[in-house]
Amino acid sequence: MAEASSLIPASVLRNLTDKQYEKRKKAAVTIQDIVGKLAYEQEVKKILAVINILATEFTDNPQPDRRKGGLKGLAAVAVGLKEKAPAYLEEIVPPVLNRISDEDSTVRYIASETLYNVAKAVRGRIIIYFDKIFDALCKLSDDSDTIVQSGAHLLDNLLKDIATESDQFSLEEFVPLLRERMDIINPHVRQFLLGWITVLNNVPDMDMLCFLPDYLDGLFNMLSDSSPDVRQQAHCALSEFLQEIKNTPTSDYGRMAKVLVQRAGSPDDYTRLTSFTWMNEFVKHGADHLIPCYSDILGAVLPCISDKEKEIREIARETNKELRTIIASPAEGVNIGAVLTIARSGLTSQASTTRVAALHWIATLLDRHWNEVISFLNDIFSSLLAALSDPSDEVVILVLEVHACLAEDSQNLGHLIDHLVQTFRNDHALLEKRGALIVRRLCVRLDAEQVYREFSSKIEREDDLDFASNMVQALNFTLLTSSELAELRILLKQSLVESSSMDLFVSLYSPWCHSPVATISLCLLAQAYNHASSVIQLLEEEDITAKFSEQLGKLVYLLETPVFASLRLQLVEPDKHVWLLKTLYGLLMLLPQQSAAFKIFRTRLKTVPSYIFNNEQLKHPCNQVSEITDASGDQVDANVYDKINFPSKLQQFQQTLRRHRFSLQSQKSASSSKSQVSTSFYGFAFPLVARSLVGLLVLGVI
């Protein structure tokens, strides 16, 4: 201490803390000269003694003026040492850094000024203290005093110049410093960090892009900053990096994609838009590198396909389209199970556009990776079935396409029909609203005959008789009205002629017995008019209900459609189609006289040429032969009536009627205290006027 005092006059040390600027400046110059002379004379101990007294007696002093004087003195020492200053940085820099967080703003300003002078004196050698100075600048960037901020800004610019020109500066050491501060939300600190990112990225020899995955998330986080300046700087930095990525095929797409996926779910619109802008470019330029992230990216894309912001929706849809064009196999790293899981979750989205996109993905995976998808069938099948109840027709049609694709395997077809029947049983509204659409689309994509055979097989074993009746009615109505099933109707028309058609008729007949009107329709379609008449006769033992009359009315309207044009033409020759005429009159007698269907049907039958029934004719079922026409419309001459055991079929129909009657009685017994009204598969009962009319018809009176 005494040695330092003898080197620097007391008056000089005193003037370091004087209130007058000129005295302080003169004292600093004096110290600079003294230290310069000592350096020239290589008086290391004396130089250290001067630094020590300034650091201990001044910079650590409780009095602010002495701390200021000490800092100015240390700056003078660094300048006086000139080229020898780097050797004393360990003694000079720490005391200065300690004053960066001083409670006195003037002290903080002088501390940054001192660091500026020291750094200017030693240039690249200051890099050994870069991390500590960088931390100090980060704190000063948010200083409450604008003067301190301006001083820090000068030091910051100098440090950037030194770092960009020094071969001692290391990005490997800098990036961790940057990354650990990227989560700071203060806008001044963020501007400070963005300034460093921008400057270093513009240096040709510094590859900031290589380290981008380490701080990319922080950049995206800044896009939602409250400060417009921060948002703009972050946007500019990201735009520059994205342009570089387009020109650099070796970029680390995988790590960055994870950041983009996370930010795609940001509540901030601009952040989501930017993340999808990046993601879209990634998919276009780095598809091969994204294969391990396939499912993660899809998980981000699907929800935003229906984003509330138009720009985000459009770019998300474009990204989704591009992503689906990537052709890769599990061997290349695609996790089919994970992608299917994401697609399945998309089926539960509130937005139909997302649900549609999810189904397109499932269809795409089936097309490319059939075996792998089938192995996960149990995981997605219930979701695909649930989608059949979707309010959007587009979704339903697409999910049916997926189901049809799955059902191309015969084993899966049976599985699908089985689940469909279960679903319809549990959701009657779905059967009523979408049953026809579902059946039609399956018949378009698959073999219609096979579809109907599978449904028939399931319904035949059905224990819920009411459901079986409703299911048959739905299938029958679809069969008679859908243009997609025209070929199946043609096939059934040959049921008494062609063996394959007969087999189909027989397979449908048993389940069709659950609905008398459906049974009659099937017989009319198959030209089994004799049997149709027999079925009608059996109905005289049943309650003719409102629901049954409604179904019968629908059949009457259907008989007026092009589907039954050939049947109507057969009425031109009633003598050749006796059983047809009797069947139609039987139907007429079952209709309530005041109903519109009765009036329409009676009008139709009035146009039939007059004919008197011959009882002898009606006694021989083989006369059915003359009523059959082949596919070309020509009558068939061979006796084919006995090829189908119709008496057995009639017994089967009777047995089914009894089952329904017994079920109805059981229901009545269970609910006798509630109501005496019938609720069978026929509906609500009304007076049985039709019984006597049918009886008259049978006797040939009508």
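Residues numbered from 1 in each chain as written. Predicted model: local features only at pLDDT ≥ 70, side-chain atom pairs only at ≥ 80, totals over all residues. Heavy atoms only, no water.

Note the threshold: UniProt positions are given in the numbering used here, feature names are shortened, and annotations may be inferred rather than shown by experiment.
The protein chain has the name (wild Malaysian banana) hypothetical protein in an unreviewed UniProt entry, where Musa acuminata subsp. malaccensis is given as its organism. Regarding the protein chain, the UniProt comment filed under Subcellular location (unreviewed entry) reads as follows: "Endomembrane system". According to UniProt, the comment filed for the protein chain under the heading Sequence similarities (unreviewed entry) is "Belongs to the VAC14 family."

A few points about the overall build of the protein chain
Threshold: Per the convention used, a helix needs a DSSP run of H or I reaching at least four residues, while a strand needs a run of E reaching at least two, with both numbered from the N terminus. The quantity called the radius of gyration is restricted to C-alpha atoms. Its globule counterpart is 2.2 Å times the number of residues to the power 0.38. Think of it in three bands: with a 1.4 Å probe and only protein chains considered, a residue is buried below 20% of the maximum accessible area for its type, exposed above 50%, and partly exposed in between. Residues are treated as being in contact if the distance between any of their heavy atoms lies within 4.5 Å. In these tables, accessible area is a Shrake-Rupley quantity obtained with a 1.4 Å probe, and a residue counts as shielded only by the protein chains included in the view. In this tally Asp and Glu are treated as negative and Lys and Arg as positive; neither His nor the chain ends contributes. To locate a charge, the coordinates of NZ of Lys, CZ of Arg, CG of Asp or CD of Glu are taken.
In terms of regular secondary structure, the protein chain is built from 37 helices and zero strands. For 702 residues, the compact-globule formula gives about 27 Å, and the C-alpha radius of gyration of the protein chain, at 46 Å, lies well above that figure. On the principal axes, the C-alpha backbone points of the protein chain span a range of 150 × 55 × 35 Å. With 702 residues in all, the protein chain has 52% of them scored as buried. Excluding contacts between residues fewer than 6 apart, the proportion of contacts in the protein chain whose partners are at least 24 apart in sequence is 72%. Counting only carbon and sulfur atoms, one obtains 50% of the accessible surface of the protein chain, whose full area is about 31,600 Å². Taken together, the 71 basic and 88 acidic charged side chains of the protein chain have centroids lying 5 Å from each other.

Structural notes on the UniProt feature "repeat: HEAT" (unreviewed entry) in the protein chain
The sites that UniProt annotates as "repeat: HEAT" (unreviewed entry) are residues 92-127. For residues 92-127, the helix share is 69%, the strand share is 0%, and the end-to-end C-alpha distance is 14 Å.

With respect to the nonpolar core
One broad trend across soluble globular proteins is that nonpolar side chains are buried collectively. Applicable threshold: Here, the term nonpolar core denotes a set of buried Ala, Val, Leu, Ile, Met, Phe, Trp, Tyr and Cys residues that are joined through side-chain atoms within 4.5 Å.
Ranked by size, the top nonpolar core spans 232 residues in total, and within it Phe-174, Tyr-215 and Trp-278 carry the most contacts. When residues of this core are assigned to their parent elements, the largest contribution, nine residues, is made by helix α22 (residues 393-406). Non-local contacts of Tyr-215, meaning those with residues more than four positions away in its chain, are made with Val-175, Leu-178, Met-182, Ile-197, Met-208 and Phe-241.

Brief notes about the pattern of salt bridges
What counts is decided by this rule: The term salt bridge refers to a side-chain nitrogen of Lys or Arg lying within 4 Å of a carboxyl oxygen of Asp or Glu.
A complete count under the given rule lists 34 salt bridges for this structure. With a shortest N-O distance of 2.8 Å, Asp-102 and Arg-67 are connected by a salt bridge. Of this pair, Asp-102 sits in the loop between α6 (89-98) and α7 (105-122) while Arg-67 is found in helix α5 (residues 64-81), placing the two residues 35 residues apart along the sequence. Relative accessible area serves as the criterion here: at 5%, Arg-67 is assigned to the buried category. Residue Asp-156 is joined to Lys-160 by a salt bridge in which the shortest nitrogen-to-oxygen separation is 3.1 Å. Taken together, the residues Asp-156 and Lys-160, both in helix α9 (residues 146-165) and four residues apart, mark about one turn of the helix. For Asp-156, a relative accessible area of 6% corresponds to the buried category. You can call Lys-160 buried: its relative accessible area is 11%.

With respect to the state of the cysteines
A covalent bond bridging the sulfur atoms of two cysteines is what the word disulfide describes. Selection criterion: We call a pair of cysteine sulfur atoms a disulfide whenever their separation is within 2.5 Å.
Summed over all chains, the structure comprises zero disulfides. Here Cys-210 stays unpaired: no disulfide links it, and the sulfur of Cys-293, its closest cysteine neighbor, is 17 Å away. The thiol sulfur of Cys-293 is not disulfide-bonded, and the nearest other cysteine sulfur, from Cys-304, lies at 17 Å. Look at Cys-293 and you get buried, because its relative accessible area is 6%.

A closer look at the packing of aromatic side chains
The following threshold applies: Pairing of aromatic side chains requires ring centres within 6.5 Å, counting the rings of Phe and Tyr and the six-membered ring of Trp. Pairs whose planes differ by under 30 degrees are stacked, by over 60 edge-to-face, and all others tilted. Our definition puts a charge over a ring when NZ of Lys or CZ of Arg is within 6 Å of the ring centre and also within 35 degrees of the ring normal.
Summed over all chains, the structure comprises 17 aromatic pairs. The interplanar angle of 75° and the centroid separation of 5.1 Å between the aromatic rings of Phe-130 and Phe-169 together place this pair among those described as edge-to-face. Within this pair, whereas Phe-130 is found in helix α8 (residues 130-140), its partner Phe-169 is found in the loop between α9 and α10 (171-179), the two being separated by 39 residues in sequence. When its relative accessible area of 11% is taken as the criterion, Phe-169 is described as buried. A ring pair is formed by Trp-278 and Phe-282, whose centres lie 5.9 Å apart and whose planes are at 50°; its orientation type is tilted. With a gap of four residues between them, Trp-278 and Phe-282 both fall in helix α15 (residues 269-285), about one helical turn apart. Both residues of the pair, Trp-278 and Phe-282, belong to the buried class. In this structure an aromatic cluster arises from ring pairing among Phe-130, Phe-134, Phe-169, Phe-174, Phe-192 and Trp-196. Taking the ring centre of Phe-58 as reference, the NZ or CZ of Arg-66 above it sits at 4.2 Å.

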